[in-house]
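Below are the chains, spelled out letter by letter.
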Amino acid sequence: SNTMSIADLKSKQKFKSHNDFAFHYGLHKNSQWINFDIHNESSKRRALYLEITNPNLYHARLYGSDGDQILLLHEFGSKFSFYERPIFHPNFILPIYVDSGANNSLYLEILPGMLSNNFSLILWDANAREEYRHKEFMFLIVFQIIHFIFLGVLAVVMYITRQRWQ
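Source: prediction; values computed, not measured.

## A look at the pattern of salt bridges
Thinking step 1. If you walk through the whole model with that rule in mind, you get 7 salt bridges.
Thinking step 2. Across the pair E51 and R129 runs a salt bridge whose closest N-O atoms are separated by 3.0 Å. Placement of E51 in strand β3 (residues 46-52) and of R129 in helix α1 (residues 126-165) is noted, with a sequence separation of 78 residues between them.
Thinking step 3. For E51, a relative accessible area of 4% gives the class buried.
Thinking step 4. With its nearest N and O atoms 3.2 Å apart, the salt bridge here joins R61 to E75. Of this pair, R61 sits in strand β4 (residues 60-66) while E75 sits in strand β5 (residues 69-76), placing them 14 residues apart in sequence.
Thinking step 5. Overall, E75 belongs to the partly exposed group, its relative accessible area being 38%.
Thinking step 6. Overlapping salt bridges, with partners in common, bring together E51, R129 and E136 in one network.

Next comes the structure, spelled out in structure tokens:
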């Protein structure tokens, strides 16, 4: 829906069904809203991460329902400092907690910005995402080591070939 107030959220009549994890909003002048429900059927409280995969998303808000109230859970975007993010990662990763047997309604408001608002939403188990983040970090370390070895070999080769030409 192109325009919606917080009071309209509970009725859910303005929302259209969307069966993909990718959202392609492009540039727009009004806030874009996404509504989704999380059902925790386990006997334990679940710690989840909602990942928004566009690090250039200018401004967004995540709301949750608590009975009859709509509460602001997270406000995020590239307009805020990286160090204001709840989890330091290039993508926006927002922690969400769902009690045992609970049904939580979440509302994501994408506010207008200067860049395209195309992104994917991924809901992770918090532990699984931390393991994946560790693998990302290890991959980057290995990449950097290979990169520095290559630069070292290149420097040695350049030095050796320079000596022969003189």
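## Some remarks on the packing of aromatic side chains
Thinking step 1. Inspection of every chain in the model, using the stated rule, returns 6 aromatic pairs.
Thinking step 2. Seen from their ring centres, F82 and Y83 are 5.7 Å apart, and the 90° between their planes marks the pair as edge-to-face.
Thinking step 3. The exposed category is assigned to Y83, whose relative accessible area is 63%.
Thinking step 4. In textbook terms, an aromatic cluster arises when at least three aromatic residues are bridged by ring pairs, as seen for F82, Y83 and F88.
Thinking step 5. R129 extends its terminal NZ or CZ atom over the ring of W124, reaching a point 5.0 Å from the ring centre.

Cut-offs applied
- Residues numbered from 1 in each chain as written.
- Predicted model: local features only at pLDDT ≥ 70, side-chain atom pairs only at ≥ 80, totals over all residues.
- Heavy atoms only, no water.
- Salt bridge = Lys/Arg side-chain N within 4 Å of Asp/Glu carboxyl O.
- Helix = DSSP H or I, 4+ residues; strand = E, 2+ residues; numbered from the N terminus.
- Buried < 20%, exposed > 50% of the residue type's maximum accessible area, 1.4 Å probe, protein only.
- Phe/Tyr/Trp six-rings, centres within 6.5 Å; stacked < 30°, edge-to-face > 60°.
- Lys NZ or Arg CZ within 6 Å of the ring centre and 35° of its normal.

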